[in-house]
Amino acid sequence: MIVVDNYIRDKKLHDALKSDDFWKSVGRLNWWDGWWKTEPNNICEQFIKIVWTQFSNLENKIAGFEYWSNAHQTGGGLNWHVDKDEKLMKDKKELVMPSMGLVYYATSEELDGGYLEIANSPDRENVDPNKIERLKPIENRLIIFNPSYPHRVSQIISGKRRAIIVNAWPKKPYTFEESKTYSRN
């Protein structure tokens, strides 16, 4: 796992990733084949290129990136889960997961709760609450981790947080075979 605070040093980029306009534009699940195949089409894809070229040499190792946003506020959170090809699981009951993932906290305002909690084992059935990594959602914090390990967002007692989530896939997920976007509903 890699955790970097104050990750984006470019104020213009940081402000753009925090802007309401950005958050209105990136709400759905998206696919990008990567900078080695196509130039970034939006600020999120520019961000993805910045992160992954800095932390990993992915060209010829992955098919591309799945990305989306989560905006949680008071009362929100997510239960234990692993990131997976959602459509493949739904249609064929096959579990296929990405090789790497990241969470970037663009905004964290007056937040109590909303921690990213990651199990220290891939055992999805028996998460030991005493053996988890618990990471506070701090604005401009980048977390790179293995999204095939169970993880969740603890309940938000008050405040709000906005996070960009990106997964690197060795093979393009079934979810994206027909289009670049997919509705999770």
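Residues numbered from 1 in each chain as written. Predicted model: local features only at pLDDT ≥ 70, side-chain atom pairs only at ≥ 80, totals over all residues. Heavy atoms only, no water.

Some words on the overall build of the protein chain
- Helices and strands together make up the secondary structure of the protein chain, namely four helices and eleven strands.
- Here the C-alpha atoms of the protein chain give a radius of gyration of 16 Å, agreeing with the 16 Å that 2.2 N^0.38 yields for 185 residues.
- Counting every position in the protein chain, which comprises 185 residues, the buried fraction comes to 45%.
- Of the contacts formed within the protein chain by residues at least 6 apart in sequence, a portion of 81% connects residues at least 24 apart. (Helix = DSSP H or I, 4+ residues; strand = E, 2+ residues; numbered from the N terminus. Rg over C-alpha atoms; globule rule 2.2 N^0.38 Å. Buried < 20%, exposed > 50% of the residue type's maximum accessible area, 1.4 Å probe, protein only. Contact = heavy atoms within 4.5 Å.)

Some remarks on unusual backbone geometry
- Unusually for a residue other than glycine, Lys 93 sits at a positive phi of about 60°.
- Tracing the sequence through the fold places Lys 93 in the loop between helix H4 (86-92) and strand E5 (100-113).
- The phi angle at Glu 110 is positive, at roughly 45°, despite the residue not being glycine.
- With respect to the helices, strands and loops of the structure, Glu 110 is situated in strand E5.

Regarding the sheet that holds strand E7 (residues 132-135)
- Across the sheet, which stays open at both edges, the four strands sit in the order E4-E9-E6-E7 with antiparallel pairing between neighbours. A single partner strand is all that each edge strand has here, and the edge strands are strand E4 (78-81) and E7. For this sheet, the mean angle separating the axes of adjacent strands, direction not counted, is 10°.
- Two strands pair when backbone bridges link them, and E4 and strand E9 (residues 151-153) are joined in this way by two bridges, in the antiparallel orientation. Opposite Leu 78, over in E9, you have Val 153 as the bridge partner. (Pairing = 2+ DSSP bridges. Axes fitted to C-alpha atoms, helices over the stretch in contact; angles between N-to-C directions.)

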